[in-house]
Amino acid sequence: MAYKILTSQCISCNLCLTVCPTNAVKVVDGQHWIDPELCTNCIGSIYTVPQCKAGCPTCDGCVKQPSDYWEGWFADYNRVVAKLTNKQDYWERWFNCYSQKYSEQLQKRQSQIIRNS
């Protein structure tokens, strides 16, 4: 499995359920999780990025699952330490994530317009 849903960050908005092209996102006992048998990371689909991550309003709810145990351990450690030392506001993080994704979409749109001209 390449992605997992962090239950501490998940706000249960269910957007990931509707955007997953393979229906790999499941809800079991009120917890969201990604079925590793169904998840394809959106590779081979019309999408260029995993839709669970792209559609997540928290920008942190769906994270890449490391393939190596120690890589995963250090990624979790660094994330927890960053959370403890980072005083950044939730809405500031949301705005930064939203504006970045909006900017990327504008750039794609502009390049499409230029190509079609």
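Residues numbered from 1 in each chain as written. Predicted model: local features only at pLDDT ≥ 70, side-chain atom pairs only at ≥ 80, totals over all residues. Heavy atoms only, no water.

**Let's talk about the confidence of the model for the protein**
Caution applies to low-pLDDT parts of the model: their predicted coordinates are not meant to be read in detail. We count it as follows: For every residue, the predictor assigns a confidence score, pLDDT, that lies between 0 and 100. Comment: elements are numbered from the N terminus, with helices defined as DSSP H or I runs of at least four residues and strands as E runs of at least two.
Predicted confidence across the protein gives a mean pLDDT of 81, with 91% of residues reaching 70 or more. The weakest mean pLDDT in the protein belongs to strand β4 (residues 62-64) at 73; the strongest belongs to strand β2 (residues 25-28) at 89.

**Brief notes about the nonpolar core**
The line we're drawing: Nine residue types can take part in a nonpolar core, namely buried Ala, Val, Leu, Ile, Met, Phe, Trp, Tyr and Cys, and a core is a set of them joined through side-chain atoms within 4.5 Å. Each residue gets one of three labels from its accessible area relative to the maximum for its type: buried under 20%, exposed over 50%, partly exposed in between, using a 1.4 Å probe on protein chains only. We call two residues in contact whenever any of their non-hydrogen atoms come within 4.5 Å of each other.
Residues Tyr3, Ile5, Cys16, Cys20, Ala24, Val25, Ile34, Cys52 and Cys62 constitute the largest nonpolar core, which totals nine residues. Discounting residues that sit within four places of it in the chain, Val25 has contacts with Ile5, Cys16, Leu17, Cys20, Trp33 and Ile34.

**Brief notes about a nonpolar patch on the surface**
Definition in use: Here the term patch refers to residues with relative accessible area over 30% and no salt bridge, with like charges joined within 9 Å and nonpolar side chains (Val, Leu, Ile, Met, Phe, Trp, Tyr) within 5 Å. Note on areas: Shrake-Rupley, 1.4 Å probe, and residue coverage restricted to the protein chains presented here. Salt bridges are counted wherever a side-chain nitrogen of Lys or Arg sits within 4 Å of a carboxyl oxygen of Asp or Glu.
Together, Tyr69, Trp70, Trp73, Phe74, Tyr77 and Val81 make up a nonpolar patch on the protein surface, roughly 680 Å² of accessible area in all. Of note, Trp73 is situated in helix α3 (residues 69-85). A relative accessible area of 38% means that Trp73 is categorised as partly exposed.

**Re the packing of aromatic side chains**
So the rule is basically this: For this analysis, a ring pair means two rings from Phe, Tyr or Trp (six-membered ring only for Trp) whose centres lie within 6.5 Å, classed as stacked if their planes differ by under 30 degrees, edge-to-face if by over 60, and tilted for the remaining angles.
Summed over all chains, the structure comprises five aromatic pairs. Note on Trp73 and Phe74: the rings are 4.9 Å apart at their centroids and 85 degrees apart in plane angle, and the pair reads as edge-to-face. Given a relative accessible area of 44%, Phe74 falls into the partly exposed group. When the centroid spacing of 5.6 Å and the interplanar angle of 5 degrees are considered together, the rings of Trp73 and Tyr77 count as stacked. Placement of both Trp73 and Tyr77 in helix α3 is noted, with a separation of four residues, approximately one turn of the helix.

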